[in-house]
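The residues making up each chain are set out below.
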Amino acid sequence: MEDGARKPKQDAANLDMIVTPWEVKGVIDYDRLIKDFGTQPIDEAILSRMKNLAGGLHFMLRRGFFFSHRDFDLILERCEKGAPWALYTGRGPSGQTTLGHVSPWIFTKYLQDVFNIDLYFQLTDDEKFLYQRELSLQDVEKLTYENALDVLAIGFDPKKTHLISDIRMSRDMRELSLEVAKRVTFSTVRAVFGFTNETNIGMIYHPAVQAAPCFLPSRIAKMDVPTLIPCAIDQDPYWRIARDVAPRMGYHKPSGVYCKFFPGLGEGGKMSSSEPETAIYTTDDPNVARRKVMNAYTGGRPTIEEQRRLGANPDVCTVFWSLYFLFEPDDEKIQDLRESCKAGEILCGECKTNLAEKVVTFLEEHQKRREQAKKIVESTFI
Ligand code: TRP
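Residues numbered from 1 in each chain as written. Predicted model: local features only at pLDDT ≥ 70, side-chain atom pairs only at ≥ 80, totals over all residues. Heavy atoms only, no water.

1. A word on helix 10 (residues 201-211)
Helical periodicity: at 3.6 residues per turn, an α-helix aligns residues three or four positions apart in one direction.
Turning to step 1, where the next piece is worked out: Considered for burial, the residues of helix 10 that qualify are Met203, His206, Pro207, Ala208, Val209, Gln210 and Ala211.
Turning to step 2, where the next piece is worked out: In this fold, the buried residues of helix 10 make contact with strand 5 (86-91), strand 6 (119-123), helix 6 (125-131), helix 8 (171-182), helix 9 (186-193) and helix 12 (236-249).
Turning to step 3, where the next piece is worked out: Between the side-chain oxygen at the start of helix 10 and the backbone nitrogen of Gly202 there is a gap of 3.1 Å, and the oxygen is on Asn200. (Buried < 20%, exposed > 50% of the residue type's maximum accessible area, 1.4 Å probe, protein only. Helix = DSSP H or I, 4+ residues; strand = E, 2+ residues; numbered from the N terminus. Contact = heavy atoms within 4.5 Å. Polar contact = N/O pair within 3.5 Å; in protein donor to acceptor, adjacent residues only side chain to side chain.)

2. Focus: the side chain of Arg63
Turning to step 1, where the next piece is worked out: Mapped onto the secondary structure, Arg63 falls in the loop between helix 3 (59-62) and strand 4 (66-70).
Turning to step 2, where the next piece is worked out: Engagement of the side chain of Arg63 in a polar contact is seen with the side chain of Asp331, the distance being 2.7 Å.
Turning to step 3, where the next piece is worked out: If we skip the residues at most four places from it in the chain, Arg63 touches Leu323, Tyr324, Phe325, Glu328, Pro329, Asp330, Asp331 and Ile334.

3. With respect to the site of the ligand
Turning to step 1, where the next piece is worked out: The environment of the ligand is formed by 14 residues, the closest being Tyr88, Gly92, Gln122, Gln210 and Gln235.
Turning to step 2, where the next piece is worked out: Side-chain polar atom of Gln122 to a nitrogen atom of the ligand: 3.1 Å apart, as the coordinates give it.
Turning to step 3, where the next piece is worked out: Within the side chain of Lys128, an N or O atom sits 3.4 Å from an oxygen atom of the ligand.
Turning to step 4, where the next piece is worked out: Bound to the protein, the ligand loses 91% of the 360 Å² it would expose on its own.
Turning to step 5, where the next piece is worked out: Cavity membership is defined here by more than half of the atoms lying within 2 Å of grid points; on that basis the ligand lies in the largest pocket.
Turning to step 6, where the next piece is worked out: Only strand 5, helix 6 and strand 8 (227-232) provide two or more residues apiece to the shell around the ligand.
Turning to step 7, where the next piece is worked out: The residue inventory of the shell around the ligand, partitioned by class, reads four nonpolar, seven polar and three charged. (Near = heavy atom within 4 Å. Areas by Shrake-Rupley, 256 points an atom, 1.4 Å probe, with all protein chains shown as cover. 1 Å grid on protein atoms, 1.4 Å probe; cavity = no way out; pocket = protein on both sides within 12 Å on 5 of 7 lines; lining within 4 Å. Sits in = over half its atoms within 2 Å of the grid points. Nonpolar A, V, L, I, M, F, W, Y, C, P; charged D, E, K, R; others polar.)

4. Thoughts on empty space enclosed by the protein
Turning to step 1, where the next piece is worked out: Counted under the stated rule, the structure contains two cavities of 30 Å³ or more.
Turning to step 2, where the next piece is worked out: Approximately 110 Å³ is the volume attributed to the largest cavity.
Turning to step 3, where the next piece is worked out: Lining the largest cavity are 16 residues, and of these Thr298, Cys317, Cys341, Cys348 and Cys351 sit closest to its centre.
Turning to step 4, where the next piece is worked out: Element by element, the count of residues in the lining of the largest cavity is highest for helix 17 (residues 348-373), at three residues.
Turning to step 5, where the next piece is worked out: Partitioned by chemical class, the residues of the lining of the largest cavity number eleven nonpolar, four polar and one charged.
Turning to step 6, where the next piece is worked out: Its boundaries defined by the atoms lining it, the second largest cavity holds a volume of some 40 Å³. (Points joined across faces, edges and corners; volume = space filled by probe spheres on them.)

5. Notes on the domain arrangement of the chain
Turning to step 1, where the next piece is worked out: The assigned domain composition of the chain is domain 1 (12-262) and domain 2 (276-372).
Turning to step 2, where the next piece is worked out: In this complex, domain 1 contributes 19 residues to the contact, which on the side of domain 2 involves 20 residues.
Turning to step 3, where the next piece is worked out: In total, domain 1 and domain 2 occlude about 1800 Å² of area from one another, counting both sides; carbon and sulfur atoms represent 63% of this.
Turning to step 4, where the next piece is worked out: Among the residues of domain 1 in contact with domain 2, Arg63, Leu99 and Ala153 are the three that bury the most area, contributing 38% of the side total.
Turning to step 5, where the next piece is worked out: Viewed at the interface, domain 2 and domain 1 are joined by four salt bridges.
Turning to step 6, where the next piece is worked out: Between Asp150 and Arg370 there is a salt bridge, with the nearest N and O atoms lying 2.8 Å from each other.
Turning to step 7, where the next piece is worked out: Inspection of the domain 1/domain 2 interface yields 13 residue pairs in polar contact (both at pLDDT 80 or more).
Turning to step 8, where the next piece is worked out: Listed by contribution, the elements that provide at least two residues to the side of domain 1 that touches domain 2 are helix 3, helix 5 (99-115) and helix 7 (137-153).
Turning to step 9, where the next piece is worked out: Along the lines of polarity and charge, the residues of the side of domain 1 that touches domain 2 split into ten nonpolar, four polar and five charged. (Domains from an automatic or database assignment. Buried area = accessible area lost by both parts, 1.4 Å probe. Salt bridge = Lys/Arg side-chain N within 4 Å of Asp/Glu carboxyl O.)

6. Overview of the nonpolar core
Turning to step 1, where the next piece is worked out: Formed by 111 residues in total, the largest nonpolar core has its most connected members in Met50, Phe66 and Phe215.
Turning to step 2, where the next piece is worked out: If near-sequence neighbours (up to four positions away) are discounted, Met50 is found in contact with Gly55, Gly56, Leu57, Leu61, Phe72, Leu76, Tyr110, Leu111 and Phe115. (Core = buried A, V, L, I, M, F, W, Y, C linked by side-chain atoms within 4.5 Å.)

If you want it as structure tokens, here you go:
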């Protein structure tokens, strides 16, 4: 197996950092994750190739929201040669979609637009049913529908976007997952995911189902169509399994481009759908979302007088990071904001109002597109 294929050991330095596909906790050290997982940093060489191909760099690349990869260069090489490839990403429908889920999708849409290619989007309703005791099959199927509306509302090209519900799995998906499953032992998934004797057997099979779409475009086209997976880095364990079996199945290894965790509105930690006060859902009433933003944790001082005198700290501010990673693509504006924050020239209330306006505008538009998506959603499932 590839580097980092074994579950990283906990030691004193990363005792409070837990990153698995099901749990993200503690202060995240992204350099450490690159080492532990055995992925590559996105370096200048990758950025300049991407810049040439796309005629500019997306702000999520410029600002290191997408910070790591596996074999992204092989995909860029295909772009340079005009060889086919496809995008693959997904979502586990355990609740309504948050801004944290939406942020990598916006980058994925950008890739679809720039390269004009197909996207395969997997909804792992099977996994969420198996993992979350309280969710019934009916619940997850409903959430698959709800999340699918969000995917389409992002504006992916419906003619080039193929949604996969694992529960409704196609024959191709079924056969691919069987081919994967036959080549992966319990001992491997136990080491990679930390499964135990108490893990239900559905979960043990699931890595084969999440690996299957890596090969689906090739299987459908009956030719080499390798995949690039834009996702948060916690999904990498799945791709290690997929990359391990790929050559034995006669396919290219999937490539990945990995983002950081989008911050929640509370002190520290990622935006989590199980923490409604510090997460913004795409289905939130815009006024509710505004209130959440106005209550966000900032890097401000206890009093106005102190803030004017000493300045505030954008580095720990959830409002600043929400703007930096998602809502303020203009580099000059974000730089000005950082400086005036540090200099005490701008107060937190003003900044929160600015973010709240952007969030409200986003939600109003997204919710309209979400309604329109109802007409086409069924036809985008394969
Ligand atoms: N397991 C992922 C989740 O819980 C869902 C998923 C399936 C996914 N395939 C993917 C995420 C591909 C990113 C890329 O969210």
